[in-house]
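# Descriptive structure summary
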Amino acid sequence: HKDAYEKAGILHRDLSIGNIVIFHGKGILIDWDLAKSISTKGPRQSTRTGTWQFMSGYLVQNQNAPHVVEDDLESSLYIVLWAALKYSRT
């Protein structure tokens, strides 16, 4: 995600547990069909994008808000929390 954002100016916009695969011990972000250039301004699109369980709180509450990098970073936090809780011993 960092390389896509910093080098290509692209936001993934659909970070979720289902869009990460592990290959040779390294996580790879897949499913880039909702990705958008950071230079594109305005609302995300006419319909909601992303997996709502992992969306930032701001985007869930503000459907017409533009998707920014902080939203993807918040989604990353939810992915880590989900995985930690899912696979922790109870």
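Each remark here, short or long, concerns the structure printed above.
The structure contained in this document is the topic of the report that follows.

Reading the values: the criteria
Residues numbered from 1 in each chain as written. Predicted model: local features only at pLDDT ≥ 70, side-chain atom pairs only at ≥ 80, totals over all residues. Heavy atoms only, no water. Pairing = 2+ DSSP bridges. Helix = DSSP H or I, 4+ residues; strand = E, 2+ residues; numbered from the N terminus. Expected span 1.5 Å × (residues − 1). Buried < 20%, exposed > 50% of the residue type's maximum accessible area, 1.4 Å probe, protein only. Arc of directions from axis to C-beta. Contact = heavy atoms within 4.5 Å.

This next bit is on the pairing of strand β2 (residues 20-23). Two strands pair when backbone bridges link them, and β2 and strand β3 (residues 26-29) are joined in this way by four bridges, in the antiparallel orientation. Residue F23 lies in a different strand from β3, and its bridge partner there is K26. What sits between the antiparallel neighbours β2 and β3 is a turn of two residues, in which H24 has the positive phi angle 50°.

Compared with an ideal rise of 1.5 Å per residue, which puts 19 residues at 27 Å, helix α3 (residues 69-87) spans 27 Å between its outermost C-alpha atoms and is within 8% of the ideal. Of all the residues in α3, the buried ones are V69, D71, D72, S75 and I79. Viewed end-on, α3 has its buried residues packed into an arc of 150°, placing them on one side of the element. For α3, the exposed residues set more than 90 degrees away from the buried face come down to E70, V80 and L85. Residues of α3 that are buried in the fold lie against α1 (2-8), β1 (10-11), β2 and α2 (57-61).

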